[in-house]
Amino acid sequence: MDFFEQMEARIPHGEVRTRFAPSPTGYMHVGNLRTALYTWLIARRHHGKFILRIEDTDQGRLVEGAVDVIYKTMAECGLTHDEGPDVGGPVGPYVQSERRDLFGKYAKLLCEKGGAYYCFCQKSDEEESGGETGEIKKHVCACRDLPLEEAKKRVEAGEPFVIRQRIPHEGTTTFHDASFGDITVENKELEDQVLLKSDGLPTYNFANVVDDHLMGITHVVRGSEYLSSAPKYNLLYEAFGWEIPTYVHCSPVMRDAQHKMSKRHGDPSYEDLIREGYLTEAVLNYVALLGWSPKGENAEREFYTLSELAEIFDISGISKSPAVFDINKLRWMNAEYMKKLSPEAFFAKAEPVLKTVITNPAIDLRAVAALVQTRCEILSDLPERVDFIDKLPEYSTELYVHKKSKTTLENSLSSLQAVLPVLEGLETWTNESLYDALVALAAKLEVKNSVVLWPLRVAVSGKASTPGGATELCALLGKEESIARVKAGIALLQK
RNA sequence: GGCCCGUUGGUCAAAAGGUUAAGACACCGCCCUUUCACGGCGGUAAUAUGGGUUCGAUUCCCGUACGGGUCACCA
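Residues numbered from 1 in each chain as written. Chains lettered and ligands numbered in written order. Predicted model: local features only at pLDDT ≥ 70, side-chain atom pairs only at ≥ 80, totals over all residues. Heavy atoms only, no water.

1. Examining the overall build of chain A
- Scanning chain A for helices and strands turns up 19 helices and 12 strands.
- Over its C-alpha trace chain A gives a radius of gyration of 33 Å, far above what one expects of a compact globule, namely 23 Å for 495 residues.
- Burial analysis of chain A (495 residues in total) assigns 48% to the buried set.
- Summarising the internal contacts of chain A: among those between residues at least 6 apart in sequence, 75% fall at separations of at least 24. (Helix = DSSP H or I, 4+ residues; strand = E, 2+ residues; numbered from the N terminus. Rg over C-alpha atoms; globule rule 2.2 N^0.38 Å. Buried < 20%, exposed > 50% of the residue type's maximum accessible area, 1.4 Å probe, protein only. Contact = heavy atoms within 4.5 Å.)

Shown next as structure tokens:
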């Protein structure tokens, strides 16, 4: 058994195998996350294998610790892989830089098979572009017609070379994409692309084809920017005599109608979103629906767990047109996820954030969390909602004037003055007892509840908008602090 | 510029020849209410455009416009 046969023998058959092949950039684009998710879902849906392959051939872009970021993100999202650099598998290595030697062998094999040829043209020969005419210059040279034996002699003699794909000049190539359907192009539009560079390393397109085949990948999921190189892939598979995988091209995630989301333009990556206080589950759920939609009876359903998606995900639901990322809808969806959290789970997430603005140990953070759980969309909203608890902010008396509650500066002052002794005389300091006492006071004064409660809420919070009503805030702040703030309010109104 | 792909409300999108063209976000209004919110109810808003094919086109075909992708010894 020769080398190539050995490699073939390793390839698993009879199962769906998909792969996510990120290059280690140090963060996860939203678009990449979606691709990873779809790729994972296809594997899970068919009870197949999901493979993680690190594409680190671009040495110039290497980022320290970036591979760990990939592991961490995938694990955090629940996109577990069955094979990869860290867990191994039958078709390793799973890091592209460790597969380096493979590609030269396969490129030479392809030359033997006639699908490629040695090319001795110097890079500088074709450096000139089409210039102002805008014409694209395709590489055409005599090396293509060099007899193989002669070319090999020159290689052995040490002459620098690249290996280029031999693309037929005539005819057309048709490839099939699971969501775009059949696409046919004229072969004359295709260039004899370089497969193996003069430094002996493969180009991305070549490495991909070889790796995907040797790893037994059945479904190639990738961005639609690769759509136009797909015919060349097909020709490559055919020249090798390999089975062509199912292509699943996904349109990009856009910032607006004409721009892809990009880190460079300040669009958030997955890590940015998490840092801003979005929940992983919400991000995944939202991203799943960006460019894919469920069919049939699920068409109106929007909330899914990962495992629910794994049951119903269907390639045919992938959309062909680009989708604009709507942070607004993500916010809404995140809020829904927060509301669904158990009080304990929400507290666990909220506590660290609350602690950044509430340092008073007398404050019951669980009570704060309970109040705020249905009133925030993302965790980073929290500080601004509860910062008044530690310290009463300076506020304008204008806050006391509220038409709907029928409050004015004058009746606010008298309300607070009436409230003060009630609070001071209150034995039991709970939301219920506070509410009962103050409603009774309003009845006694013969005014609407709000005439009493609105000014109190303002006095106690100094804010127009708070995570709870007057009595809830008083209960939270405690008797002493509440009374102090009411007195401060009275003083302010008396000025 | 050549080639390829796409186009349903502001956004995500359903409807795979016959529907009053779903649903969700956002927006607006009303109700609830101890603020804001939550919740409930309701509303505004779309098949890019011109031709075909068909008894009938969002759906099929062609053109146009607009948008995107691609045309490296980058991935």
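2. What about the environment of Val-30?
- Turning to its location among the elements, Val-30 is positioned in helix α2 (residues 30–45).
- Note on Val-30: relative accessible area 4%, which makes it buried.

3. Quick notes on the protein's contact with RNA strand B
- Near RNA strand B, the surroundings consist of 61 residues, among which Lys-197, Gly-291, Glu-302, Tyr-435 and Gly-468 are the closest.
- Counting only the atoms of RNA strand B within 4 Å of the protein, the fraction contributed by sugar and phosphate is 68%.
- Contact distances for RNA strand B include 2.8 Å between a base nitrogen and a side-chain N or O atom of Arg-375.
- At 2.8 Å, a side-chain N or O of Lys-404 approaches a base oxygen of RNA strand B.
- In terms of residue count, helix α11 (residues 327–340) provides more of the surface near RNA strand B than any other element does, 5 residues in total.
- Here the residues of the surface near RNA strand B sort into 22 nonpolar, 19 polar and 20 charged. (Near = heavy atom within 4 Å. Polar contact = N/O pair within 3.5 Å; in protein donor to acceptor, adjacent residues only side chain to side chain. Nonpolar A, V, L, I, M, F, W, Y, C, P; charged D, E, K, R; others polar.)

4. Some points on helix α17 (residues 449–461)
- Over its 13 residues, α17 extends 18 Å from the first C-alpha to the last, a length consistent with the 18 Å expected when each residue adds 1.5 Å.
- In terms of residue burial, α17 counts as a mostly covered element, since 12 of its 13 residues are buried.
- Among all positions in α17, only Ser-450, Val-451, Val-452, Leu-453, Trp-454, Pro-455, Leu-456, Arg-457, Val-458, Ala-459, Val-460 and Ser-461 are buried.
- Looking at the buried positions of α17, the neighbouring elements they touch are α15 (409–425), α16 (431–445), α18 (470–477) and α19 (479–494).
- Phi turns positive one or two residues past the end of α17, at Gly-462, with a value near 70°. (Expected span 1.5 Å × (residues − 1).)

5. Some words on the side chain of Asn-334
- For Asn-334, the location among the structural elements is in helix α11.
- Judged by relative accessible area, Asn-334 falls into the buried class, the value being 0%.
- Discounting residues that sit within four places of it in the chain, Asn-334 has contacts with Gly-277, Tyr-278, Leu-279, Ala-282, Glu-377 and Ile-378.

6. Description of the sheet that holds strand β10 (residues 253–256)
- Taken in spatial order, the 3 strands of this open sheet run β11-β10-β12, and their pairing is mixed. With one partner strand each, in any of the chains shown, β11 (259–260) and β12 (323–324) form the two edges of the open sheet.
- Two elements, β10 and β11, share 2 bridges in a ladder whose sense is antiparallel. Across the sheet, residue Asp-256 finds its bridge partner in β11, namely His-259. (Pairing = 2+ DSSP bridges.)

7. Things to note about the packing of aromatic side chains
- Under the definition given, this model contains 17 aromatic pairs.
- Ring geometry for Tyr-118 against Phe-161: centres 5.4 Å apart, planes inclined by 65°, an arrangement best described as edge-to-face. Within this pair, whereas Tyr-118 is found in strand β3 (residues 116–119), its partner Phe-161 is found in the loop between α5 (148–156) and β4 (162–165), the two being separated by 43 residues in sequence.
- Taking relative accessible area as the criterion, Phe-161 reaches 18% and is therefore assigned buried.
- Ring geometry for Phe-175 versus Tyr-247: centroids 6.0 Å apart, planes at 85°, classification edge-to-face. Note that Phe-175 is positioned in strand β5 (residues 172–177) and Tyr-247 in strand β9 (residues 246–250), a separation of 72 residues in sequence.
- Residue classification places Tyr-247 among the buried residues on the basis of a relative accessible area of 1%. (Phe/Tyr/Trp six-rings, centres within 6.5 Å; stacked < 30°, edge-to-face > 60°.)

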